[in-house]
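# What the coordinates show
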Amino acid sequence: MDLNFIPLAFGQILSPLTVGYALAALGLAVHFGFTGLLNFGQAGFMAVGGYFFAITTVKFDWPLWASLIACVVGAILFALLLGIPTLRLRADYLSIVTIAAAEIVRYTVKTPSISNLTGGSDGINGSSRDFYRLNPLPDIRYGYGVLSYNNNEVWSMIVGWTVVIVAAVLVWQLMRSPWGRIVKGIREDEDAVRSLGKNVTWYKMQSLILGGVLAALGTVLVIIPTSLQPDNYGTQTTFFLYTIVLLGGATTVLGPIIGSIIFWVVLSLSDGILTLLVSNHLLPITSVQQGPIRFIIVGIALMLLVIFRPQGIFGKKREAHFSG
Amino acid sequence: MADANTTRAKLQIGEPGPGVKKVDPILVAHGVRRSFGGVSAVDVEHVEIPRNAITALIGPNGAGKTTFFNLLTGFDKPDTGTWELNGKSLANVPAFKVARRGMVRTFQLTKALSLLSVMENMRLGAGDQSGERILTALFSGFWRKREKEITDQALDLLTRFKLDTKKDDYAASLSGGQRKLLEMARALMSKPELVMLDEPMAGVNPALTQSLLSHILDLKKEGMTVLFVEHDMHMVQTIADWVIVMAEGKIVAEGYPDVVMRDPAVIDAYLGAHHDTDLGSLTGQLEVAKELGDSFLVNEISEEISDEASSKETTDGQ
Ligand SMILES: Nc1ncnc2c1ncn2[C@@H]1O[C@H](COP(=O)(O)OP(=O)(O)O)[C@@H](O)[C@H]1O
Ligand SMILES: [Mg+2]
């Protein structure tokens, strides 16, 4: 029996995917958990950030810092585009517009007529160029057993987790400041906050931008050591992020980060276990059915979570989003 | 009554009546109209609110009082009309800017921010906080001093409203009446010039009403102007300097409380057939609500009555 999948699953703890999702989930917590914005297009922010970075790096040959600025500007523009028409209106408008906009982004970048820029369905490889050039680590193997990494992989992890920690500290500080008080007030009742002289629409916009930029930067940290694939930014990605945020606790800073770790470890473990069971004919399914089953498990886990621990792992009971 | 006009400073110019000019108006509204699907909810020809006085806006349910509040404070847009605070137009000014100009309102359906603590609710009411800008928010040094100031100010207000022991609790844990008090105290954090209260007494424990009345009187002493909507005629008679009566969107009477409350036209408009019902009592309100066919209100009032009955029982039991 091949049990290597177990250490490999725990390798997910530090993986670029976990880093990227931790940042995107932190951004979603800013939107949904702290401000009460129902953004169902977080995957769209990820895609916009990823494409702005990858296109400017790979196709335009911009230096790393310029591409990073492009990525942030892209996320801000996307937030303005979605926010200006909807943030004045009732909450449901934002969710409808964001879910649609995220899909529009995905279909647009896949359009064959602009594939020389976007790479079409294949996406874009090679965003790592400048990033790896900055790597000070000697070119040896790091790690132990099946968890063995080269210097570039380790460099990605170090930078990735540094960014996650810095972002977490920033968000934590913001949420304990008067600024955070306003956005939390907006989550509770925006008219009340308005009646106290706060420019609610502008604060919602700031929150949308902040959370969107976090998602965009997170995506850069994923695509540098891997590649940019349009189909990684579909609606299901947004729902994974909601799972992560609810798992960890939507109104916490640590929640989305730990949630992302748990999510990827568990997803990877369940994949390993399913593979094991299927290959030993212990489950009456084929390996083709295995993929969808994994996601059914995610769906059931999300439901159980909302029913039994709506505040997430780190949330306080009273702050639960779905409690009465 | 003649003595009312002589013992009190005169607020109006000329004979009291709908739209009468005031000696020193803080708020002037002219031709403010709002209809919902063709049905006129507010149709105010002209009204002036006297400065540094307590004005009651009364009228039967559905008279348009809340809608008028919404229009004046930028929470709703009128079909036509102009209105100004201290001579400066407020038409098309967004709600948050109206509040910053010193005109702060509370809501009929209380809007306590449930998952913020009572203290955080209060702090949110204060203006001029540099920590509310995202970049300065990142550095506590920029806003710690102001935070301390507003915390002290909030504690002071909370003590006056007997909510200081609750300061660290979630607002969600407060009773309906306490939330009303919190909302009012929170509105005062910005040190407004004009406070607009939409049914401040609704649901407030009778034991607290007396102190609430004295708080409102204090506001006047501190130089503020108060405009409030209220069904409790006892409250209106006790603290109001001036009464404005609305019915079917229009202002049908204005004057000193003792005079207006005796005006047959007002009694007619307000009470309809309920000449002899006491609107100050819940049972009286229930009668009117039933008559109006307002089932939501009937339920609410019935609930209030049974709440009161049960709270009496528990206090009796002790
Ligand atoms: N948003 C709305 N849509 C439709 N009708 C409304 C709305 N708001 C208020 N109304 C109507 O306007 C009238 C005045 O209501 P309101 O201002 O709440 O009265 P009051 O506060 O004096 O009890 C009522 O007939 C009410 O049904
Ligand atoms: Mg009303």
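The structure displayed is predicted, hence computed values, not measured ones.

## So, the confidence of the model for chain A
Predicted confidence across chain A gives a mean pLDDT of 91, with 97% of residues reaching 70 or more. When mean pLDDT is compared element by element in chain A, helix H11 (residues 200-223) of chain A scores highest at 98, while helix H14 (residues 287-308) of chain A scores lowest at 80.

## As for the pairing of strand E2 (residues 39-50) of chain B
Residues and elements named next belong to chain B. For E2, a buried count of nine out of twelve residues is recorded, marking the element as mostly surrounded by other parts of the structure. One ladder, built from ten bridges, connects strand E1 (residues 25-36) with E2; its direction is antiparallel. Bridge assignment links Arg34 to a residue of E2, and that residue is Val42. Connecting E1 to the next strand, E2, in antiparallel fashion are two residues, including Gly37 with a positive phi near 55 degrees.

## What to know about the site of ligand 1
All names here are of chain B. As a matter of local geometry, ligand 1 sits amid Phe36, Ala41, Pro60, Asn61, Gly62, Ala63, Gly64, Lys65, Thr66 and Thr67. Here an oxygen atom of ligand 1 sits 2.8 Å away from a polar atom, N or O, in the main chain of Gly62. Within the side chain of Lys65, a nitrogen or oxygen atom sits 2.8 Å from an oxygen atom of ligand 1. Burial of ligand 1 by the protein chains amounts to 56% of its free accessible area of 560 Å². With three residues, helix H2 (residues 65-72) is the single largest residue contributor to the shell around ligand 1. Of the residues in the shell around ligand 1, the class split is four nonpolar, five polar and one charged.

## Quick notes on the interface of chain B and chain A
With 35 residues of chain B at the interface, the matching set in chain A holds 28 residues. Interface of chain B and chain A: buried area, both sides summed, is about 2,800 Å²; carbon and sulfur atoms make up 63% of it. Of all residues in chain B, Leu115, Leu124 and Glu132 of chain B bury the most surface against chain A, accounting for 22% of the area lost on that side. Our count for the contact surface shared by chain B and chain A stands at four salt bridges. Of the charged contacts, one joins Glu147 of chain B and Arg181 of chain A as a salt bridge, the two residues approaching to 2.7 Å between their closest N and O atoms.

## Focus on helix H4 (residues 64-86) of chain A
Residue and element names in this part refer to chain A. Taking 1.5 Å of rise per residue, the 23 residues of H4 would be expected to cover 33 Å, and the 33 Å separating its terminal C-alpha atoms lies within 8% of that figure. Among all positions of H4, only Leu64, Ala66, Ser67, Ala70, Cys71, Gly74, Ala75, Phe78, Ala79, Leu82, Gly83 and Thr86 are buried. Buried positions along H4 lie against helix H3 (42-59), helix H5 (91-110), helix H7 (129-133) and H11.

## Quick word on the coordination of the magnesium ion (ligand 2)
Residues and elements named next belong to chain B. Protein-derived ligands of the magnesium ion (ligand 2) are Thr66 (OG1) and Gln108 (OE1), with the metal-ligand distances lying across 2.0 to 2.1 Å. With a gap of 42 residues between them, Thr66 in helix H2 and Gln108 in the loop between strand E6 (103-105) and helix H4 (118-125) connect regions that are remote in the sequence. Judged by relative accessible area, which is 25%, Thr66 ranks as partly exposed.

## A short note on the nonpolar core
Note that soluble globular proteins tend to have their nonpolar side chains buried in a common cluster. Ranked by size, the top nonpolar core spans 88 residues in total, and within it Phe45, Trp179 and Leu241 of chain A carry the most contacts. Apart from residues lying up to four places away in sequence, Leu241 of chain A is in contact with Tyr21, Ala24, Ala25, Leu28, Gln42 and Met46 of chain A. Within the second largest apolar cluster, 45 residues are counted, among which are Leu157, Ala253, Met261 and Val266 of chain B.

## Things to note about the sheet that holds strand E5 (residues 88-89) of chain B
Residue and element names in this part refer to chain B. Spatial ordering of the open sheet is given by E2-E1-E4-E5, a layout of four strands whose pairing is antiparallel. Because the sheet does not close on itself, it has two edges, and the strands there are E2 and E5. As paired strands, E1 and strand E4 (residues 80-85) are joined by five bridges and run antiparallel to one another. Its bridge partner being in E4, His30 is matched across the sheet by Thr82. This element, H2, spans E1, E2 and E4 of the sheet and lies at about 115 degrees to E1.

## Some remarks on the environment of Gly145 of chain A
Residues and elements named next belong to chain A. One can find Gly145 in the loop between strand E1 (142-144) and strand E2 (147-149). What makes Gly145 exposed here is its relative accessible area of 58%. Separated by 138 residues in sequence, Gly145 and Pro7 have C-alpha atoms that sit 8.8 Å apart.

## Focus on the packing of aromatic side chains
Inspection of the entire model under this criterion finds 15 aromatic pairs over all chains. Ring centres of Phe40 of chain A and Tyr242 of chain A lie 5.1 Å apart, and the angle between their planes is 35 degrees; on these two criteria the pair is classed as tilted. Remark: Tyr242 of chain A occurs in helix H12 (residues 235-248) and Phe40 of chain A occurs in the loop between helix H2 (16-35) and H3; sequence separation between them is 202 residues. A connected cluster of aromatic rings, assembled from ring pairs, spans Tyr21, Phe240, Phe263 and Trp264 of chain A. Positioned above the aromatic ring of Phe107 of chain B is the side chain of Arg105 of chain B, whose terminal nitrogen or guanidinium carbon lies 4.1 Å from the ring centre.

## With respect to a positive patch on the surface
A grouping of Lys88, Lys97, Arg100 and Arg101 of chain B is seen on the molecular surface, where their side chains present a positively charged patch. As for its position among the elements, Lys97 of chain B is in helix H3 (residues 95-100).

## Remarks on the sheet that holds E6 of chain B
Residues and elements named next belong to chain B. The strand order E6-E7-E8-E3-E9-E10 describes an open sheet built from six strands, whose pairing is mixed. Looking at strand neighbours, the two that pair on one side only are E6 and strand E10 (250-255), the edges of this open sheet. Neighbour-to-neighbour, the strand axes of the sheet open up by a mean angle of 20 degrees, direction not taken into account. Both strand E9 (residues 242-247) and E10 contribute to a ladder of five bridges, which runs antiparallel. Paired with Met246 across the strands is Ile251, a residue of E10. Against the sheet, H2 engages strand E3 (54-58), E6, strand E7 (194-198), strand E8 (225-229) and E9, with an angle of about 145 degrees to E7.

## Considerations on the packing of H3 of chain A against H4 of chain A
All names here are of chain A. The N-to-C vectors of H3 and H4 enclose an angle of 145 degrees; their axes lie 8 Å apart at closest approach. Every pair of crossing elements has a handedness; the one defined by H3 and H4 is right-handed. On H4, the residues that touch Gly44, Phe45, Val48, Gly49, Phe52, Phe53, Thr56 and Thr57 of H3 are Leu64, Ser67, Leu68, Ala70, Cys71, Gly74, Ala75, Phe78, Ala79 and Leu82.

## A few points about the side chain of Arg294 of chain A
Residues and elements named next belong to chain A. Mapped onto the elements of the fold, Arg294 is located in helix H14. For Arg294, a relative accessible area of 17% puts it in the buried group. For Arg294, the side chain forms a polar contact with the side chain of Asp271, separated by 3.5 Å. Once residues within four sequence positions are removed from consideration, Arg294 is found in contact with Leu267, Ser270, Asp271 and Leu274.

Quick notes on the rules
Along each chain, numbering runs from 1 in the same order as the chain's sequence is written. As a convention, the first chain written is A and the first ligand written is 1, with the rest following in written order. Since the coordinates come from a predicted model, pLDDT governs what is reported: local features require at least 70, and pairs of side-chain atoms require 80 or more to be given and counted, while whole-chain, interface and lining totals use all residues. Side-chain figures throughout are based on the complete set of non-hydrogen atoms in the structure, without hydrogens or water. Confidence scores per residue from the predictor, reported as pLDDT, run from 0 to 100. To qualify as a helix, a DSSP run of H or I must reach at least 4 residues; to qualify as a strand, a run of E must reach at least 2; elements of each kind are numbered from the N terminus. Under the scheme applied here, a residue whose accessible area is under 20% of the maximum for its type counts as buried, over 50% as exposed, and between as partly exposed, the area being computed with a 1.4 Å probe on protein chains only. Strand pairing is assigned whenever DSSP identifies at least 2 bridges connecting the two strands. Distances are taken per atom, and a residue is near a molecule or strand as soon as one of its heavy atoms is within 4 Å of it. In protein, a polar contact means a hydrogen-donor-capable atom and an acceptor-capable atom, both N or O and within 3.5 Å, with residues adjacent in sequence counting only if both atoms are side-chain atoms; elsewhere, any N or O pair within 3.5 Å suffices. Accessible surface is estimated by sampling points in the Shrake-Rupley manner with a 1.4 Å probe; for residues, cover comes only from the protein chains shown. Throughout this entry, Asp, Glu, Lys and Arg are counted as charged residues, while Ala, Val, Leu, Ile, Met, Phe, Trp, Tyr, Cys and Pro are counted as nonpolar. The remaining residues, Gly among them, count as polar. By definition in these notes, contact holds between two residues if any of their heavy atoms fall within 4.5 Å. Two parts placed together each lose some accessible area; with a 1.4 Å probe, that loss summed over both constitutes the buried area. A pair is scored as a salt bridge if a Lys or Arg side-chain nitrogen falls within 4 Å of a carboxyl oxygen belonging to Asp or Glu. An expected span of 1.5 Å times one less than the residue number is assigned to each helix. With water excluded from the atoms, a metal site may look incomplete; its donors are any N, O or S atoms within 2.8 Å, or within 3.2 Å for Na, K and Ca. The criterion is simple. A nonpolar core is a set of buried Ala, Val, Leu, Ile, Met, Phe, Trp, Tyr and Cys residues joined through side-chain atoms within 4.5 Å. Lines fitted to C-alpha atoms define the axes, with helix axes restricted to the stretch in contact, and inter-axis angles between N-to-C directions lie between 0 and 180 degrees. Note on aromatic contacts: the rings of Phe and Tyr and the six-membered ring of Trp form a pair at centre separations within 6.5 Å, being stacked when their planes are under 30 degrees apart, edge-to-face when over 60 apart, and tilted otherwise. Only Lys NZ and Arg CZ are tested; either one counts as a charge over a ring when it is within 6 Å of the ring centre and within 35 degrees of the ring normal. Patch membership is restricted to residues that have no salt bridge and whose relative accessible area is over 30%. Joining uses 9 Å for like charges and 5 Å for the nonpolar side chains Val, Leu, Ile, Met, Phe, Trp and Tyr. Only four residue types enter the tally: Lys and Arg on the positive side, Asp and Glu on the negative side; His and the chain ends are excluded. For this purpose, a charge sits on NZ of Lys, CZ of Arg, CG of Asp or CD of Glu. Crossing handedness follows the turn of the near helix against the far one: under a right angle anticlockwise gives a left-handed crossing, and clockwise gives a right-handed one.

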